[in-house]
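Breakdown of the fold
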Amino acid sequence: MKSNDSGHILSSLERGVATLTMSRPSRRNAYTTAMMQALREAVEGVLPDPECRVLLLRGDGASFSAGGDVHEFSQSLPLDAPARLATFRALVENWVNPVILALRHAHQPVVAAVRGDCVGYGLSLMLASDIAIAADDAVFSTAGIGLAQPGAGGQSHFLVRALGERRARELMWSARRFDAHEAKALGLVERVVTVAEFDDAVEAEVERLASGPRHGWAEIKRLLNTSGQPLAQQLADEAAAFGRCAATQDFAEAVTAFIARRKPKFEGR
């Protein structure tokens, strides 16, 4: 666990599920720079662990994250324009971008469990995940333009891929707040459940993923990440991925279980 006076990133690893919890509930888990640094350290620390089969991102209390801490941003106002440019560019390049890239390149499935505010960098983290489960009290916003900013953390990439350019522009230019049901209709979250059902739904999903064919999940994730490339290259990559998976023990177990008409027991090997 990495902690500081401006919030914490709580980390645990149990039964193959690594959970990183953004913990600053008094500020709806708004990110200080120290929290961004701690999140990068936590993500880069847990993903290489062979015991980690799924990464779960969640917030402490009733919100996922309200984004960056604007009160901390205000401390930069005495700086001149070139200094502010350097400060905030470095913040994004050093602490935001490496986390987003690590989540997308992770061998493991990444699940975002979203309650309450999911705004700004919080939304970026959710968009970078592979599966998002939202409680029906979740509220989303790109947020950036409210601070005369375009947003960061890959919003322009993920939203265009999910929605197309025109819808992405509408969400980013307006920074309007939208609820969990609209998020699901837009295809930004996979499931919406009641607050009462939320913890059980998240637990069931991460257990399903943790007990599944980890290399198969990883190959699908890798192929989807590169799906914009020419078809011939995508077909070649699929063939290579198919071969790699056929060489795993999980493949042998799946085929054996199918013939025996039983449920396979995957070990991630």
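Note that the structure is predicted; figures quoted are calculated from it, not measured.

1. Things to note about the pairing of strand β3 (residues 17-23)
Across the seven residues that make up β3, a large majority, seven, are buried. Residues Val 17, Thr 19, Thr 21 and Ser 23 of β3 are buried on one face, and the alternating residues Ala 18, Leu 20 and Met 22, pointing to the opposite face, are buried as well. As paired elements, strand β2 (residues 7-14) and β3 share seven bridges and run antiparallel to each other. Paired with Leu 10 across the strands is Thr 21, a residue of β3.

2. Quick word on the packing of helix α4 (residues 121-128) against helix α5 (residues 155-163)
Taken N-terminus to C-terminus, the directions of α4 and α5 make an angle of 50°; their axes are 10 Å apart at the nearest point. The pairing of α4 with α5 is recorded here as oblique in orientation. The interaxial crossing formed by α4 with α5 has left-handed handedness. Contacts between α4 and α5 involve Leu 123, Ser 124, Leu 127 and Ala 128 on the former and, on the latter, Gln 155, Phe 158 and Leu 159. Considered class by class, the residues forming the contact of α4 with α5 number five nonpolar, two polar and no charged.

3. Description of the nonpolar core
Counting residues in hydrophobic clusters, the biggest one holds 50 residues, and the most contacted among them are Leu 125, Met 126 and Phe 140. Element by element, the count of residues in this core is highest for helix α1 (residues 33-46), at seven residues. Dropping the residues within four chain positions of it, Met 126 is found in contact with Phe 64, Ala 112, Val 114, Cys 118, Ala 132, Phe 140, Leu 188 and Val 189. The next biggest cluster of nonpolar side chains, apart from the first, holds 15 residues, and it includes Val 54, Ile 131, Ala 201 and Leu 209.

4. What to know about the side chain of Thr 21
Along the polypeptide, Thr 21 turns up in strand β3. In this structure, Thr 21 is in contact with His 8, Ile 9, Leu 10, Arg 58, Gly 59 and Asp 60, ignoring residues within four places of it in sequence.

5. Structural notes on the sheet that holds strand β6 (residues 117-119)
Taking strand neighbours across the sheet as the criterion, the three strands line up as β6-β8-β9 in an open arrangement whose pairing is mixed. The two strands at the open ends of the sheet, each matched to only one other strand, are β6 and β9 (178-179). Alignment of strand β8 (residues 139-141) against β9, held across two bridges, turns out to be antiparallel. The residue of β9 that forms the bridge with Val 139 is Asp 179.

6. Comments concerning the packing of α1 against helix α3 (residues 81-105)
Orientation of α1 relative to α3, taken along the N-to-C sense of each, is 35°, at an axis distance of 9 Å. Pair α1 / α3 crosses with left-handed handedness. Residues Thr 33, Met 36, Gln 37, Leu 39, Arg 40, Val 43 and Glu 44 of α1 pack against Leu 91, Asn 94, Trp 95, Val 96, Pro 98, Val 99, Ala 102 and Leu 103 of α3.

7. Examining the packing of aromatic side chains
Throughout the structure, instances matching the rule amount to three aromatic pairs. Between Phe 140 and Phe 178, the ring centres sit 5.6 Å apart and the planes meet at 25°, which makes this aromatic pair stacked. Pair noted here: Phe 140 is in strand β8 and Phe 178 is in strand β9, with a separation of 38 residues, a long-range link. With relative accessibility at 0%, the residue Phe 140 sits in the buried group. Using a relative accessible area of 3% as the deciding quantity, one classes Phe 178 as buried. Between the NZ or CZ atom of Arg 169 and the centre of the ring of Trp 173, over which it lies, the distance is 5.7 Å.

8. Concerning unusual backbone geometry
The residue Arg 15 is not glycine, and still its phi comes out positive at about 50°. Relative to the assigned elements, Arg 15 resides in the loop between β2 and β3. Not every positive phi belongs to a glycine, and Arg 261 is a case in point at roughly 55°. As for its placement among the helices and strands, Arg 261 is situated in the segment after α11 (249-260).

9. Some remarks on the environment of Gly 187
As for its position among the elements, Gly 187 is in the loop between α7 (180-186) and β10 (191-193). Sequence separation between Gly 187 and Leu 163 is 24 residues, and the spatial gap between their C-alpha atoms is 7.8 Å.

About the thresholds
The numbers attached to residues start from 1 for each chain and follow its sequence in the written order. Since the coordinates come from a predicted model, pLDDT governs what is reported: local features require at least 70, and pairs of side-chain atoms require 80 or more to be given and counted, while whole-chain, interface and lining totals use all residues. Side-chain measures were taken over the full set of non-hydrogen atoms in the model, leaving aside hydrogen atoms and water. Each residue is placed in one exposure class: buried if its accessible area under a 1.4 Å probe, protein chains only, is under 20% of its type's maximum, exposed if it is over 50%, and partly exposed if it falls in between. Each helix is a run of DSSP H or I of at least 4 residues and each strand a run of E of at least 2, with the numbering of both proceeding from the N terminus. Strand pairing is assigned whenever DSSP identifies at least 2 bridges connecting the two strands. Here, axes are lines fitted to C-alpha atoms. For helices the fit covers the stretch in contact, and angles between N-to-C directions go from 0 to 180 degrees. For classification, angles of less than 35 degrees are called roughly parallel, those exceeding 145 degrees roughly antiparallel, those between 65 and 115 degrees roughly perpendicular, and all remaining angles oblique. When the near helix sits turned anticlockwise from the far one by under a right angle, the crossing is termed left-handed; a clockwise turn instead gives a right-handed crossing. Residues count as neighbours in contact if any of their non-hydrogen atoms are within 4.5 Å of one another. In the scheme used here, Gly and all other residues not listed as nonpolar or charged are polar, with Ala, Val, Leu, Ile, Met, Phe, Trp, Tyr, Cys and Pro taken as nonpolar and Asp, Glu, Lys and Arg as charged. To form a nonpolar core, buried Ala, Val, Leu, Ile, Met, Phe, Trp, Tyr and Cys residues must be joined to one another through side-chain atoms within 4.5 Å. When two rings of Phe, Tyr or Trp (its six-membered ring) have centres within 6.5 Å they constitute a pair, described as stacked for plane angles under 30 degrees, edge-to-face for angles over 60, and tilted for the intermediate range. Cation placement over rings: the criterion is NZ of Lys or CZ of Arg within 6 Å of the ring centroid and within 35° of the ring normal.

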